Amino acid sequence: PGPERKRMQFALFDWLEHDGRPLGETLEDRLQMLEHAEALGFHAYHLAQHEGTPLSLNGAPSVVLAAAAARTSRLRLVPTTYCLPWFNPLRLYHEICLLDHLSRGRLEVGIGRGASPIEGKYYGIESADQARSIAREVMEILLLAFQSSILNYQGEHFSYDGLELYDKPYQTPYPEFWYPSSNIESTPFIGAHGFHTSHNFAPNALAKAHFDRLRAEYAAHAADTGRMNGHGGPPKLANTRHVYVAATDQQAVDEARTAFEQWGNHISYLSGRFSDRPRDGLSLEARMANGTALVGSPETVRGSIQAMIDETGVNYFLGVFAFGGLPLDRVQASLGLFAAEVMPAFTAVRA
């Protein structure tokens, strides 16, 4: 064993799926889940943004996270991600400042251009090049606004002339940034700027190459000035997993199966609607076999997480504990077992 490094951090990832109930009931369940997760010692809550799909009711991440800020006191809150081409940059700047103050500095900010061209079209985005161009300008404007009281910017998509800004983030100079990506071609950019990142649902062998390159890029640029997340310290590296823990492996599979099938329909909904991909093309067994769904007893889940650490070097765990129509009582029970019998094994992760 090598030298010990800092404690492994455990966080929740959520799409806020449509479960057939009124929106208010679903939201209240999530807020209760977050109160419970905070009490159990979880580090952060990551919330995705999607549009036009039952995978996510969260078209307005700042609204949900403002409610979460009011119901928690320690849990860090991470929109993962704000799809930058979908936002007016000035409006997004104000939302980030407000959330950072409402949470007393518990905000971290995920950014990206939006991976789904179907969803982008709902916001008038017709090509990947257009999405990149708008996202670049939005990011440039955010960084200028964070560090200036007067905003001047002339771009292709947005222009500001002498705009006075009276709000600033709670954190100095601004909240830390996440840039999630499963595209290995994006690793030079992510690593060079020191972004925290997640590679969602990749088998360990695939994730290893991704993270190895990220670490190399980060080391090569560690002394650079002007990095967008240079104030964030060593990057947090996560590989998201579905998680359901019960007393035995069979009980866990039996209790998670229906909800997981519902999630499978949701994650493939848009591609099933606009192409020939079947909505039910994902199965619990397949995801368990490739290691991207950790469903089982505490011992089984501990072993899978240790394998992730050994094989990929992740230092941050992102778990989807609420998925499909999984009832709140089962989510809470799974969280409780995970916190009591899985997390303590990783209080000091060995390099």
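Residues numbered from 1 in each chain as written. Predicted model: local features only at pLDDT ≥ 70, side-chain atom pairs only at ≥ 80, totals over all residues. Heavy atoms only, no water.

## Some points on the pairing of strand β13 (residues 316–320)
- With five of five residues buried, β13 is to be regarded as a mostly interior element.
- Residues Tyr316, Leu318 and Val320 of β13 are buried on one face, and the alternating residues Phe317 and Gly319, pointing to the opposite face, are buried as well.
- Where strand β1 (residues 9–14) lies against β13, four bridges are found, and the strand directions are parallel. Across the sheet, the residue bridging to Phe10 is Phe317, located in β13.
- Relative to β13, strand β11 (residues 241–245) runs parallel, the two being bridged by two bridges. Paired with His242 across the bridge in β13 is Val320. (Buried < 20%, exposed > 50% of the residue type's maximum accessible area, 1.4 Å probe, protein only. Helix = DSSP H or I, 4+ residues; strand = E, 2+ residues; numbered from the N terminus. Pairing = 2+ DSSP bridges.)

## Re the confidence of the model for the protein
- On average, the protein scores 93 in pLDDT, and the residues at 70 or more come to 95%.
- Taken together, the stretch residues 1–5 has pLDDT below 50 and engages in 15 contacts with residues farther than four places along the chain or on a different chain. (pLDDT = per-residue confidence, 0-100. Contact = heavy atoms within 4.5 Å.)

## Describing the packing of helix α1 (residues 23–40) against helix α2 (residues 61–71)
- The N-to-C vectors of α1 and α2 enclose an angle of 45°; their axes lie 10 Å apart at closest approach. When the interaxial angle is binned, α1 and α2 end up oblique. Note on packing geometry: the crossing formed by α1 with α2 is right-handed. Within the contact between the two elements, α1 uses Leu27, Glu28, Leu31, Gln32, Leu34 and Glu35 and α2 uses Val64, Ala67, Ala68 and Arg71. (Axes fitted to C-alpha atoms, helices over the stretch in contact; angles between N-to-C directions. Parallel < 35°, antiparallel > 145°, perpendicular 65-115°, else oblique. Left-handed = near helix turned anticlockwise from the far one by under 90°.)

## Re the sheet that holds strand β4 (residues 82–83)
- Here three strands make up an open sheet; going across it, the order is β4-β5-β8 and the pairing parallel. Each having just a single partner strand, β4 and β8 (177–178) make up the two edges of the open sheet.
- Summarising the sheet, β4 and strand β5 (residues 109–112) pair through two bridges and their orientation is parallel. Residue pairing across strands places Cys83 opposite Gly112, the latter belonging to β5.

## A short note on the packing of aromatic side chains
- Enumeration over the complete set of coordinates arrives at 24 aromatic pairs.
- Taken together, Tyr93, Phe146, Tyr174, Phe177, Tyr179, Phe189 and Phe195 form an aromatic cluster joined through their ring pairs. (Phe/Tyr/Trp six-rings, centres within 6.5 Å; stacked < 30°, edge-to-face > 60°.)

## Here we look at the environment of Arg104
- Its place among the elements puts Arg104 in the loop between α3 (89–102) and β5.
- We classify Arg104 as exposed; its relative accessible area is 59%.
- For the pair Arg104 and Leu318, spaced 214 residues apart in the sequence, the C-alpha separation amounts to 23 Å.
- Polar contacts involving the side chain of Arg104 include one to the main-chain carbonyl oxygen of His101, which spans 2.7 Å. (Polar contact = N/O pair within 3.5 Å; in protein donor to acceptor, adjacent residues only side chain to side chain.)

## Section: the environment of Asp249
- By the secondary structure assignment, Asp249 is in helix α8 (residues 249–267).
- Separated by 105 residues in the primary sequence, Asp249 and Leu144 have C-alpha atoms spaced 51 Å apart.
- Apart from the residues lying within four places of it in its own chain, the contact partners of Asp249 are Gly296, Ser297 and Thr300.
- Separated by 2.8 Å, the side chain of Asp249 and the backbone nitrogen of Ser297 make a polar contact.

## Digging into the pattern of salt bridges
- Counted by the stated rule, this structure contains 14 salt bridges.
- Two residues, Glu28 and Arg71, come together in a salt bridge whose shortest N-O distance is 2.9 Å. Highlighted residues: Glu28 in helix α1 and Arg71 in helix α2, separated in sequence by 43 residues.
- With a shortest N-O distance of 3.2 Å, Glu126 and Lys121 are connected by a salt bridge.
- Note on Lys121: relative accessible area 46%, which makes it partly exposed.
- One salt-bridge network, in which partners are shared between bridges, spans Asp19, Arg21, Glu25 and Asp29. (Salt bridge = Lys/Arg side-chain N within 4 Å of Asp/Glu carboxyl O.)

## Considering the nonpolar core
- Ranked by size, the top nonpolar core spans 103 residues in total, and within it Phe42, Ile305 and Phe338 carry the most contacts.
- Sequence-distant contacts of Ile305, that is, excluding residues within four places in its chain, are made with Phe10, Leu294, Phe317, Phe338, Val342 and Phe346. (Core = buried A, V, L, I, M, F, W, Y, C linked by side-chain atoms within 4.5 Å.)

## Here's the deal with the pairing of β1
- Counted residue by residue, β1 has six buried out of six residues, so it is predominantly covered.
- Here β1 shows a buried face lined by Gln9, Ala11 and Phe13 and a second buried face lined by Phe10, Leu12 and Asp14.
- As defined by bridge partners, β1 adjoins strand β2 (residues 44–47) across four bridges and the pair is classed as parallel. Bridge pairing in β2 places Phe13 opposite His46.
- Between the parallel elements β1 and β2, the chain passes through α1 in a crossover that is right-handed. (Right-handed = clockwise from strand over helix to strand, strands pointing away.)

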